[in-house]
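What the coordinates show
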Amino acid sequence: MNNFYIKTNRTFSPIRKYGWIFTLTVAFGGLWLPKLGLLVLPVILALTTLSFFKGRYWCGNFCPHGSLFDSLLMGVSKNRRIPKFIKSKTFAALFLIFFGFNITRKIIKASAVFGTYPFWDKLGFIFVASYLMVTVAGGLLTLVISQRTWCHFCPMGSMQMLSYKLGRLLGVAKITDEKITVAHKDLCHSCGKCYRVCPMQLAPYQEFSEENQFDHSKCIRCKTCVVNCPAGVLELSSRKQALLTAENVSLEGYEDRQKISAVIERIRELKEDVREIRFRFLSPERVDYQAGQFILVQIQKEPVLFRAYSISSFNENGTGLSVTVKKAPQGYGTDIVFNQFSVGEKIQLEGPMGGELLVDKEAEKVVFVAGGIGITPFVPLVQEMTQKDNKVKEVHLVYGVNKEQELMYDEYFEEMKKTNPKFRYHKVVASDDSWKGRRGFVTDILKEMELEGSKVYMCGPKPMINPTVKQLQSQGVKEEDIFFESA
Ligand SMILES: Cc1cc2nc3c(=O)[nH]c(=O)nc-3n(C[C@H](O)[C@H](O)[C@H](O)COP(=O)(O)OP(=O)(O)OC[C@H]3O[C@@H](n4cnc5c(N)ncnc54)[C@H](O)[C@@H]3O)c2cc1C
Ligand code: SF4
Ligand code: SF4
């Protein structure tokens, strides 16, 4: 099975990227110049003060050791699960007592020469030694377990948690603190990516409060989950901002989300790495969904994990649906779908969901843009939009893939093109010498089209979406007429 935890960029600012230079300077440079250790004193003062207002914000954004683990050592980390006892409060408390006792003992000893020049060297060296110890111990834990293992029992982290507790008790942190916030729980895909990328191995998606916030004292506010959430529903915000977000969020397309128990009726291999899976609903027996929506498919019970898949079938009688799944390299979920899903197996679904690709039936000209496996929602959408009972006069599908063999549902769209005069099918292949048709990207096709007044709906990988949006805007398509979902 592929690794549950994902290594991803966690350094979103120069301090987070290069803070480790400070660590190595103090820890190793201090062996020759002990006074360098005195630089640690303002660091301790800053982190305890900041945590009074913002919890462990320091750890995720300024900590030089954190930078060492995330920036310099992450590449060689085993990225394993952090053992429970290391994550426990008891372990952190015992370590804080042990560390506090030791450092106090050393400071008292150094105080014997207070007022003389060597006192500052002795004091500096105490902090150099502790910085070096954290560098070696934290570094080794990074290598054999994962990057922020040390941070679970770091005495500086524990001190911040105490200071934060005081800030909360006095009511200050309630106003100044920012926490991971989900725009609305119904928009979350329960995919667990926030858990898989979290350097502290916390699971925000399982613990959102009534106010949609993740209230965990160990959260270091690093925003790695925010950057990686595929639904784009996370932000780091104050309680006030969270309430505002909840008030203004649109739930269009998500109102009918429900738990559905289903059985796998058929698995069809469309390509070597693409399978179409047909589910029949068991309870409830009928579920209505709209073309362009997606469904969540449960892949694991503990921790509970779902994967979002666009519905690639038509809602004929509401008794089932199909999804089309492409195996992802190193993919945790698709590994389960491809190796463990079998016909007759009962699977939990959730949905239907998604308002981004619900097409405006009043529009005269509709352009669909698909990249790779992002073609799936357009299978039912093309059929629906080319029917006679709507105002749409022209439906274009611009479909881009890297290699010819990646083209999906090609025969279906070719057939639609022949039989339906409303429908225009433009396919383009990026890098395949044997391909006889049009070569290039979806943007090359769009450039040649008259797009003003069109409504454009896109689905594909993120690297396709951003340049395409720019291209569309340069051709006069209004921002409010561009809709997309990133698969
Ligand atoms: C609204 C929506 C609709 C979607 N519709 C479809 C659809 O119709 N069909 C479809 O096939 N997909 C669809 N997806 C994508 C789908 O939800 C999954 O993301 C996809 O199947 C991959 O899941 P996974 O668990 O196998 O990959 P993950 O394990 O989540 O990995 C994703 C990628 O991350 C990288 N990765 C994973 N683990 C590691 C690691 N340890 N180290 C480094 N890199 C790593 C790999 O590059 C991998 O390919 C849709 C997504 C959304 C949000
Ligand atoms: S990463 Fe997945 S589980 Fe976590 S909040 Fe985003 S959608 Fe929900
Ligand atoms: S929950 Fe998010 S912000 Fe908090 S530590 Fe984990 S990844 Fe960072």
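Residues numbered from 1 in each chain as written. Chains lettered and ligands numbered in written order. Predicted model: local features only at pLDDT ≥ 70, side-chain atom pairs only at ≥ 80, totals over all residues.

1. Regarding the overall build of the chain
Counting its secondary structure elements, the chain contains 18 helices and 14 strands. Seen through its C-alpha atoms, the chain measures out along the principal axes to roughly 95 × 45 × 40 Å. Looking at the 487 residues of the chain, the share that counts as buried comes to 40%. Taking the intrachain contacts of the chain between residues at least 6 apart in sequence as the baseline, contacts between residues at least 24 apart amount to 75%. (Helix = DSSP H or I, 4+ residues; strand = E, 2+ residues; numbered from the N terminus. Buried ≥ 20, exposed ≤ 12 C-beta atoms within 10 Å, placed from the backbone. Contact = placed C-beta atoms within 7 Å.)

2. Re the sheet that holds strand E3 (residues 234-237)
One open sheet accounts for three strands, arranged E2-E1-E3; its pairing is antiparallel. Both outer strands of the open sheet, strand E2 (213-214) and E3, are each paired with one neighbouring strand and no more. Taken together, the two bridges between strand E1 (residues 179-182) and E2 define a ladder with antiparallel strand orientation. The partner of Thr181 across the bridge, within E2, is Gln213. Packing against the sheet, helix H13 (residues 239-248) makes contact with E1, E2 and E3, and its axis sits at approximately 145 degrees to E3. (Pairing = 2+ DSSP bridges. Axes fitted to C-alpha atoms, helices over the stretch in contact; angles between N-to-C directions.)

3. Observations regarding the pairing of strand E11 (residues 394-401)
Taking burial as the measure, the eight residues of E11 include seven buried ones, the bulk of the element. Bridge analysis of strand E10 (residues 365-371) against E11 gives seven bridges, and the strand direction is parallel. Within E11, the residue paired with Val369 across the bridge is Val398. Chirality of the crossover, the property in question, places the unit of E10, helix H15 (residues 378-385) and E11 among those that are right-handed. When E11 meets strand E12 (residues 423-429), the two strands line up parallel, connected through seven bridges. Residue pairing for E12: Gly400 is matched across the bridge by Val428. For the crossover from E11 across helix H16 (residues 410-419) to E12, the handedness is right-handed. (Right-handed = clockwise from strand over helix to strand, strands pointing away.)

4. Section: H15
Of all eight residues in H15, six are buried; the element is thus mostly enclosed. Looking at H15, one finds that the buried residues are Phe378, Val379, Pro380, Leu381, Val382 and Met385. For H15, the secondary structure elements touched by its buried residues are E10, E11, H16 and E12.

5. Some words on the sheet that holds E11
Within a sheet, adjacent strands bond to each other through the backbone by hydrogen bonds, running parallel or antiparallel. Strand order in this open sheet of five strands is E12-E11-E10-E13-E14, and the pairing throughout is parallel. In this open sheet, the two edge strands, each paired with only one partner strand, are E12 and strand E14 (482-486). Neighbour-to-neighbour, the strand axes of this sheet turn through a mean angle of 10 degrees, independent of strand direction. Bridge analysis of E10 against strand E13 (residues 455-460) gives five bridges, and the strand direction is parallel. Bridging from a neighbouring strand, Ala370 pairs with Cys459 of E13. Packed onto the sheet, H16 meets E11 and E12 and runs at close to 145 degrees relative to E12.

6. Let's talk about the domain arrangement of the chain
How large an interface is tends to be reported as the accessible area lost when its parts come together. We note that the domain assignment places domain 1 (14-167), domain 2 (178-248), domain 3 (258-353) and domain 4 (365-486) within the chain. Summarising the inter-unit geometry, the C-alpha centres of domain 1 and domain 3 are found 47 Å apart. (Domains from an automatic or database assignment.)

7. Considerations on unusual backbone geometry
Backbone geometry follows two general trends: most residues other than glycine have a negative phi, and most peptide bonds adopt the trans configuration. A cis amide bond links Ser283 with the next residue in sequence, Pro284, at an omega value of -5 degrees. Tracing the backbone shows Pro284 in the loop between strand E5 (274-283) and strand E6 (294-300). The step from Glu302 to Pro303 runs through a cis peptide bond, and the omega angle for that step is -10 degrees. Position of Pro303 relative to the elements: it lies in the loop between E6 and strand E7 (305-310). In this structure, Tyr409 takes a positive phi of about 55 degrees despite not being glycine. Relative to the helices and strands, Tyr409 is located in the loop between E11 and H16. Residue classification places Tyr409 among the buried residues on the basis of 20 C-beta atoms within 10 Å.

8. A word on the site of ligand 3
Lining the immediate environment of ligand 3, one finds 14 residues, of which Cys198, Cys219, Cys222, Thr224 and Cys225 sit closest. By residue class, the composition of the shell around ligand 3 is ten nonpolar, two polar and two charged. (Near = placed C-beta within 6 Å. Nonpolar A, V, L, I, M, F, W, Y, C, P; charged D, E, K, R; others polar.)

9. Things to note about the site of ligand 1
Lining the immediate environment of ligand 1, one finds 25 residues, of which Ala328, Gly331, Tyr332, Gly333 and Thr334 sit closest. Per-class residue counts for the shell around ligand 1 are twelve nonpolar, nine polar and four charged. Of the domains in this structure, domain 3 (258-353) and domain 4 (365-486) are the two that each give at least three residues to the shell around ligand 1.

10. Regarding the environment of Leu357
Residue position: Leu357 is located in the loop between strand E9 (346-353) and E10. On the neighbour-count criterion, Leu357 (22 C-beta atoms within 10 Å) is buried. A sequence separation of 42 residues divides Leu357 from Asn315, and the C-alpha atoms of the two residues are 15 Å apart. Apart from the residues within four sequence positions on either side, Leu357 is in contact with Gly292, Pro377, Leu381, Tyr457, Cys459, Phe483 and Glu485.

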